[in-house]
Amino acid sequence: MSITVNLRYTGKNGNARKFAEEMISSGTVKKIRAEKGNLRYEYYLPLEGDGETILLIDSWENQEAIDVHHASPMMKTIAELRDKYDLHMAVERFISDDNGVPESDKGFIRN
């Protein structure tokens, strides 16, 4: 059972994108991806909207891995950067379905 968290960072004057770029250029993203239990840590730009939002897809093996991450020094770095760029967040959390893709959905998936 993995856990995926979608975080939408919203700011002004391109600050959400600047935040993501600094997360990457500072090496923080690389460190997070190297943490035990991290499955995915990727930023995306929505094709629609006002251009002031960045989506982070953040996946972990389990809640324990998330808890260890939240207790890590990187959380201080992330919080400082969020403050620096004056970002606000919306969060959605999903728990994986270990049964895989249902047969009824497979007809809609092109491999």
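Structure's up top.
All of these numbers come straight from a predicted model, not from anything done at the bench. (Residues numbered from 1 in each chain as written. Predicted model: local features only at pLDDT ≥ 70, side-chain atom pairs only at ≥ 80, totals over all residues. Heavy atoms only, no water.)

## Thoughts on the nonpolar core
Consideration 1: Judged by nonpolar contacts, the single largest core of 23 residues is most densely connected at Tyr-9, Phe-19, Met-23, Ile-32, Tyr-41, Tyr-43 and Ile-78.
Consideration 2: Elements represented by at least two residues in this core include exactly strand E1 (3–10), helix H1 (15–25), helix H2 (28–34), strand E2 (38–44), strand E3 (53–60), helix H3 (63–70) and helix H4 (74–84).
Consideration 3: Excluding residues that lie within four positions of it along the chain, Tyr-9 makes contacts with Ala-16, Phe-19, Tyr-43, Glu-52, Thr-53, Ile-54, Leu-56, Ile-78, Arg-82, Leu-87, His-88 and Met-89. (Core = buried A, V, L, I, M, F, W, Y, C linked by side-chain atoms within 4.5 Å. Buried < 20%, exposed > 50% of the residue type's maximum accessible area, 1.4 Å probe, protein only. Helix = DSSP H or I, 4+ residues; strand = E, 2+ residues; numbered from the N terminus. Contact = heavy atoms within 4.5 Å.)

## Things to note about the sheet that holds E1
Consideration 1: Strand order in the open sheet made by the 4 strands is E2-E3-E1-E4, with antiparallel pairing throughout. Single-partner strands in this sheet number two, and they are E2 and strand E4 (88–95). When the angles between neighbouring strand axes are averaged without regard to direction, this sheet yields 15°.
Consideration 2: Sheet analysis places E1 next to E4, joined by 8 bridges and oriented antiparallel. The partner of Leu-7 across the bridge, within E4, is Val-91. (Pairing = 2+ DSSP bridges. Axes fitted to C-alpha atoms, helices over the stretch in contact; angles between N-to-C directions.)

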